[in-house]
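Listed below are the residues making up each chain.
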Amino acid sequence: MENEEYEFWLSGPIKGVPDLLQPAAHALLQSERELKKYTVDFPKELLWAKTAGRASVGFHMNHITGVLDRMLTYAKGKSLSDEQFQFLKKEGAFNLTTEVADLQEQFSAKVEEALAYFKTIQESSLTEKRTVGRKKLPSTVIGLLFHAAEHSQRHIGQLLVTASVLQSKIS
């Protein structure tokens with residue numbers, strides 16, 4: 001059961017998730033919580049604004065969803081689909097019709113999908129070799145899933161700073 005008083009890694013194991021994937025699951029759930037926290041009431045008109053030449057809040061929100069989706073695909077030993085390549089191309093695209101709540105929900109749905117996938121994985125398969133991208137760079141199942149989690153956390157930190165700076169300029 002979720003206790004918002006604590007970060008997820010201090011809230012106990014997530015039922016059904018293998019022990020070795022608990023840190024990745026906790027990080028993804030923490031990212032989801034913080035994404036919602038830092039973008040609650042975030043002005044839609046600032047979603048694609050940049051500050052100090054850095055990526056927009058909208059980019060970070062799209063990007064963490066896209067990276068998680070791509071890492072899950074690679075972890076399953078599959079190649080990216082045309083739809084995934086299209087999403088990748090549009091991650092930072094300025095789009096005034098995009099709603100903050102839609103981007104929040106998009107990431108939440110992907111985290112839910114990831115956790116469901118984690119529950120299907122046998123720990124013995126975590127070190128299986130996988131490849132990344134067209135260049136077929138080497139990785140493993142656990143490497144891909146860990147990267148998805150830590151990458152999400154990194155972008156949440158960047159999103160927080162960008163959102164804070166942008167909102168301070170209109171206050």
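A. How the structure looks around the packing of helix α2 (residues 57–75) against helix α5 (residues 141–170). The contact between α2 and α5 brings their axes to 9 Å, and the two run at 175°. Accordingly, the angle class assigned to the pair α2 and α5 is roughly antiparallel. A class-by-class count of the residues in the contact of α2 with α5 yields 18 nonpolar, 8 polar and no charged.

B. Spotlight on α2. Taking 1.5 Å per residue, 19 residues should reach 27 Å; α2 reaches 27 Å between its end C-alpha atoms and fits that length. For α2, the buried fraction is high: 18 of the 19 residues fall into the buried class. Downstream of α2 by one or two residues, Gly77 has phi in the positive range, about 80°.

C. Broad picture of the environment of Pro23. Position of Pro23 relative to the elements: it lies in helix α1 (residues 22–39). A relative accessible area of 52% means that Pro23 is categorised as exposed.

D. Structural view of the packing of α1 against α5. The geometry of α1 relative to α5 is characterised by a closest axis approach of 9 Å and an angle of 20° between their N-to-C directions. Relative to α5, α1 is oriented roughly parallel. The handedness of the crossing between α1 and α5 is left-handed. Judged by residue contacts, Ala24, Ala27, Leu28, Gln30, Ser31, Glu34, Leu35, Tyr38 and Thr39 of α1 engage Leu145, Ala148, Ala149, Ser152, Gln153, Ile156, Leu159, Leu160 and Ala163 from α5. A breakdown of the residues in the contact of α1 with α5 according to their chemical character gives 12 nonpolar, 5 polar and 1 charged.

E. Up close: the environment of Tyr74. The residue Tyr74 is located in helix α2 in this model. Setting aside residues up to four positions removed in sequence, Tyr74 forms contacts with Leu80, Arg130, Thr131, Val132, Gly133 and Leu144.

F. Focus on the nonpolar core. Of all hydrophobic cores here, the largest spans 43 residues; its most connected members are Phe42, Leu47, Val57, Met61, Leu68, Phe118 and Leu145. Those elements that place two or more of their residues in this core are α1, α2, α4 (100–118) and α5. What Val57 contacts, discounting residues up to four positions off in sequence, is Thr39, Phe42, Leu47, Ala49, Leu159, Thr162, Ala163 and Leu166.

Cut-offs used in this document
- Residues numbered from 1 in each chain as written.
- Predicted model: local features only at pLDDT ≥ 70, side-chain atom pairs only at ≥ 80, totals over all residues.
- Heavy atoms only, no water.
- Axes fitted to C-alpha atoms, helices over the stretch in contact; angles between N-to-C directions.
- Helix = DSSP H or I, 4+ residues; strand = E, 2+ residues; numbered from the N terminus.
- Parallel < 35°, antiparallel > 145°, perpendicular 65-115°, else oblique.
- Nonpolar A, V, L, I, M, F, W, Y, C, P; charged D, E, K, R; others polar.
- Expected span 1.5 Å × (residues − 1).
- Buried < 20%, exposed > 50% of the residue type's maximum accessible area, 1.4 Å probe, protein only.
- Left-handed = near helix turned anticlockwise from the far one by under 90°.
- Contact = heavy atoms within 4.5 Å.
- Core = buried A, V, L, I, M, F, W, Y, C linked by side-chain atoms within 4.5 Å.

Treat this as a map of the structure, not an account of what it does.
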